[in-house]
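What follows is the residue order along each chain.
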Amino acid sequence: MDSLAQRVDAVVIGASAGGVEALSILLPALPAGLRAPVFVVQHLPRDRDSLLVEIFAPRCAVPLQEAQDKHPIEPGNVYFAPPDYHLLLDAGPRLALSVDAPVHYSRPAIDVLFQSAAELYGPRLLGMVLTGGNQDGAEGLASIRAAGGLTAVQDPADAQMPLMPECALATGPADFVLPLRALATLLGTLDAVSKTRSAA
């Protein structure tokens, strides 16, 4: 079977309330040797250091790091947006951090990451919206859909906070609306799923 990276060049994931628990199921599902980079916005307090790398690194088979401005994007790495900075993806490809105004009261904002990723990766992008208590991520997922990328949303009935998935689905249909365990499986079997979608 082809690897995930042969079907999808990048993955973006957005989460808010309940997101750390959700990511603890998703991120360990990423297979060792994954070539696609993964970018994560988890809403965080602006005035505290992020501990996401320390929390997840012992459980994951792929390298994890906090995003740094202007650093080249490396295949198979997971990048977390740092507190109080928007994370964007630029041509190169490379990371970019911004202190532009918060979006939906959030910095980092999911929409900002998703929209820049859609511009960079187009139809070879997978975007995932997880649990959360506001509408951040809805417009970003719509941008990914418009660019021809794959979209996935945590089933609102499975989410600790269903509002964010509900808002994402209100902008249009997603390719996958699944509970967390099935989204984790998707990350490991996306090649076969993508072939099915292409044939549909």
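Going along each chain's sequence as written, the residues are numbered from 1 onward. Local features in a predicted model are, by the rule used here, given only for residues with pLDDT of at least 70; side-chain atom pairs are given and counted only at 80 or more, and totals for whole chains, interfaces and linings are based on all residues. Note: side-chain values were computed over all heavy atoms of the structure, leaving out hydrogens and water.

### A short note on helix α3 (residues 110-121)
- Here α3 is 12 residues long and its end C-alpha atoms lie 16 Å apart, about the 16 Å a rise of 1.5 Å per residue gives.
- Strands here mean DSSP runs of E at least two residues long; helices mean DSSP runs of H or I at least four residues long; both are numbered from the N terminus. With its phi angle positive at about 55°, Gly-122 sits one or two positions after the end of α3. Multiplying one less than the number of residues by 1.5 Å gives the expected span of a helix.

### A few points about the sheet that holds strand β1 (residues 10-15)
- With parallel pairing, 7 strands are arranged side by side in an open sheet as β3-β4-β2-β1-β7-β8-β9. For this open sheet the edge positions go to β3 (64-66) and β9 (176-178), each flanked by a neighbour on one side alone. Averaged over neighbouring strand pairs, the angle between their axes works out to 20° when direction is ignored.
- Only heavy atoms enter the contact rule, under which two residues are in contact if any of them lie within 4.5 Å. Axis angles are defined between N-to-C directions and span 0 to 180 degrees, where every axis is a line fitted to C-alpha atoms and, for a helix, only to the segment in contact. Packed onto the sheet, helix α5 (residues 163-170) meets β1, β7 (125-129), β8 (150-154) and β9 and runs at close to 145° relative to β8. A pair of strands counts as paired when DSSP detects no fewer than two bridges linking them.

### Examining unusual backbone geometry
- Between Gly-92 and the following residue, Pro-93, the backbone shows a cis peptide bond with an omega angle of -10°.
- Inspection of the secondary structure assignment puts Pro-93 in the loop between β5 (86-90) and β6 (94-98).
- Between Arg-107 and the following residue, Pro-108, the backbone shows a cis peptide bond with an omega angle of 15°.
- Assignment of secondary structure puts Pro-108 in the loop between β6 and α3.
- With phi around 70°, Asp-84 is a residue other than glycine that occupies positive phi space.
- Relative to the helices and strands, Asp-84 is located in the loop between β4 (78-80) and β5.
- We call a residue buried when its accessible area falls under 20% of the maximum for its residue type, exposed when it is over 50%, and partly exposed in between, using a 1.4 Å probe and counting protein chains only. Overall, the relative accessible area of 23% leaves Asp-84 in the partly exposed class.

### Notes on the pattern of salt bridges
- A side-chain nitrogen of Lys or Arg and a carboxyl oxygen of Asp or Glu constitute a salt bridge if their distance falls within 4 Å. Counted under the stated rule, the structure contains 4 salt bridges.
- Two residues, Arg-124 and Asp-9, come together in a salt bridge whose shortest N-O distance is 3.0 Å. Taken together, the positions of Arg-124 in the loop between α3 and β7 and Asp-9 in the segment before β1 put the pair 115 residues apart, joining distant regions of the chain.
- Owing to a relative accessible area of 30%, Asp-9 belongs among the partly exposed residues under this scheme.

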